[in-house]
Amino acid sequence: MFSVAALMPAPPVLVPELCGGAAESGVPDPARAAGHRPGGATGDARGIGAGAGDPRTVLRAAVLGVLAELAAAANTWTVLGTGQGQYGPDTAGTFLGYGVDVRVELGPDAADAPDPELALPVLIAGWARGAVAPGANAEVRLLPEETSARAAAAFGARLRAELDAVPESRGVLVIADGAATLTTAAPGYLDERAPAVQQRLDTALATGDRAALLDLDEELSADLVLRGRAPYQALAGLFARDDAVAAETRYQDAPFGVGYHAGLWRPA
C-alpha cells in the first residue's frame, strides 16, 4: 500500500565526501531540518549562506530529514528520476566520475562490482538509502526527459495501482531539480523566463497542486533546463486518485541557481 512520497533534488553536493567532508549520520539536526524557505527558490541566493550557514549543509540537513520520514514509513522504495532505464536493489555504483570513489547501493545485497556509468539520480538514490535506511530496498525507474505530461501522469497512475496492490507499506522517492537557469551562476546561465516558471513550480509542490504540475510546458521546461518536469508530472499522476494532497515543504530555494525542493506528499 502506498504511504508517502518524499521529494528531493539531485545535486552531488548532497554527498559530504564530494565536498571534502566525511559521511554524515542519517539522523538530522531537528533545528536545521525543520524547514528552509527564505523567499522560495527565486529569492536572492546570495543571502542564504550568510543567514543560515553553508547552503550545502542546510540543504543536506533538510533532505536527510525528509528521507528519515520516508524510511520510517516504508522499507521498500520506488525512486523516480530523469533518464533512461530501471535499476533494482542489486545495483551498486560509485561517485568516482564526480571526483571521489564513494560506493552507493540500492539494496543491502547489491553486486560486488559497482557500475561506473550510473546516472546521477541512481547514484543519489543509493546515497539516500545508505544515509538513512541501509536495510531498505530501492528500485529506480527513470523517465526520459522528453516524456510528455500525459505519459508521465499515466506512469504515475500505474505505479500507484501497483503499490496499492501490495499489503506492505511502500514509499516513493522523487529525485528532481527545478529550473537550472535562475541566475547568471546557474549551470544553464540566466533565462529571464525561469523565475516565473520556478515560482509556479514552487507553489505547486508546496500546496500539492497536481494540475499545476501537469501544466508545466514541455518545450519551455527544456529551454529552462528544468529536468525534473517528467518526474514531477509522474508525481501528479501518483496522487491523481486522491481527493487532496497533504504537502509539507522542508526546503525550497536556489543557492546555486537551480531550483531545489525537499518535502513530503501524503494522500489526504
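Here, every reference points to the structure presented above.
Reading the values: rules and limits
Residues numbered from 1 in each chain as written. Predicted model: local features only at pLDDT ≥ 70, side-chain atom pairs only at ≥ 80, totals over all residues. Heavy atoms only, no water. Helix = DSSP H or I, 4+ residues; strand = E, 2+ residues; numbered from the N terminus. Buried < 20%, exposed > 50% of the residue type's maximum accessible area, 1.4 Å probe, protein only. Polar contact = N/O pair within 3.5 Å; in protein donor to acceptor, adjacent residues only side chain to side chain. Contact = heavy atoms within 4.5 Å. Expected span 1.5 Å × (residues − 1). Axes fitted to C-alpha atoms, helices over the stretch in contact; angles between N-to-C directions. Parallel < 35°, antiparallel > 145°, perpendicular 65-115°, else oblique. Left-handed = near helix turned anticlockwise from the far one by under 90°. Nonpolar A, V, L, I, M, F, W, Y, C, P; charged D, E, K, R; others polar. Pairing = 2+ DSSP bridges. Core = buried A, V, L, I, M, F, W, Y, C linked by side-chain atoms within 4.5 Å.

### What about the side chain of H261?
Alright, step 1. Note that H261 resides in strand β9 (residues 260-267).
Alright, step 2. Judged by its relative accessible area of 2%, H261 is buried.
Alright, step 3. Polar contacts involving the side chain of H261 include one to the side chain of Q252, which spans 2.9 Å.
Alright, step 4. Ignoring sequence-local partners within four residues, the contact set of H261 consists of L7, M8, P9, L205, A206, Y232, T249, Y251 and Q252.

### Topic: helix α3 (residues 55-73)
Alright, step 1. When the terminal C-alpha atoms of α3 are compared, their 28 Å separation across 19 residues agrees well with the 27 Å that a helix rising 1.5 Å per residue should span.
Alright, step 2. Among all positions in α3, only P55, V58, L59, R60, A61, A62, V63, L64, G65, V66, L67 and L70 are buried.

### Quick notes on the packing of helix α5 (residues 149-164) against helix α9 (residues 229-238)
Alright, step 1. Across the interface, α5 lies against α9 with an axial gap of 6 Å and an inter-helix angle of 50°. The angle between the axes of α5 and α9 places the two elements in the oblique class. Pair α5 / α9 crosses with right-handed handedness. Seen from α5, the contacting residues are A149, A152, A153, F155, G156, A157, L159 and R160; seen from α9, they are R229, A230, Q233, A234, G237 and L238.
Alright, step 2. In terms of residue class, the contact of α5 with α9 is made up of nine nonpolar, three polar and two charged.

### Some thoughts on the sheet that holds strand β8 (residues 245-253)
Alright, step 1. What the seven strands build is an open sheet, ordered β3-β6-β2-β7-β1-β9-β8; its pairing is mixed. Looking at the sheet topology across the chains shown, the edges are occupied by β3 (86-87) and β8.
Alright, step 2. With seven bridges connecting them, strand β2 (residues 76-82) and strand β6 (residues 137-143) associate as parallel partners. Bridge pairing in β6 places T78 opposite E139.
Alright, step 3. The strands touched by helix α4 (residues 120-132) are β1 (2-8), β2, β3, β6 and β7 (170-175); relative to β2, the strand with the most contacts, the crossing angle is about 150°.

### So, the pairing of β8
Alright, step 1. Examined bridge by bridge, β8 and β9 share eight bridges and lie antiparallel to one another. Considered in β9, the bridge of A247 is made with W265.
Alright, step 2. Adjacent in sequence and paired antiparallel, β8 and β9 are bridged by six residues, among which G257 carries a positive phi angle near 80°.

### Focus on the nonpolar core
Alright, step 1. If you look at the biggest cluster of nonpolar residues, it comprises 44 residues, and the most contacted ones within it are M8, W77, F95, W127 and L173.
Alright, step 2. Secondary-structure elements contributing two or more residues to this core are β1, α3, β2, α4, β6, β7 and β9.
Alright, step 3. Counting residues per element, this core draws most heavily on α4, at nine residues.
Alright, step 4. Not counting the four nearest positions on each side in its chain, L173 is found in contact with A6, M8, L67, L70, W77, T78, V79, L80 and A128.
Alright, step 5. Core analysis: the second largest hydrophobic core is formed by 33 residues, L80, L163, V172 and L224 among them.

### Regarding the pairing of β1
Alright, step 1. Among the seven residues that make up β1, six are buried, leaving the element largely enclosed by the rest of the structure.
Alright, step 2. With six bridges connecting them, β1 and β7 associate as parallel partners. Bridged to M8 within β7 is I175.
Alright, step 3. By the bridge criterion, three bridges tie β1 to β9 in an arrangement that is antiparallel.

### Description of the packing of α3 against α4
Alright, step 1. Between α3 and α4, the least distance of the axes is 9 Å, while the angle of their chain directions is 70°. Between α3 and α4, the interaxial angle falls into the category roughly perpendicular. Contacts between α3 and α4 involve R60, V63, L64, L67, A68 and A71 from the first element and W127, A128, A131 and V132 from the second.
Alright, step 2. Looking at the contact of α3 with α4, its residues break down into nine nonpolar, no polar and one charged.

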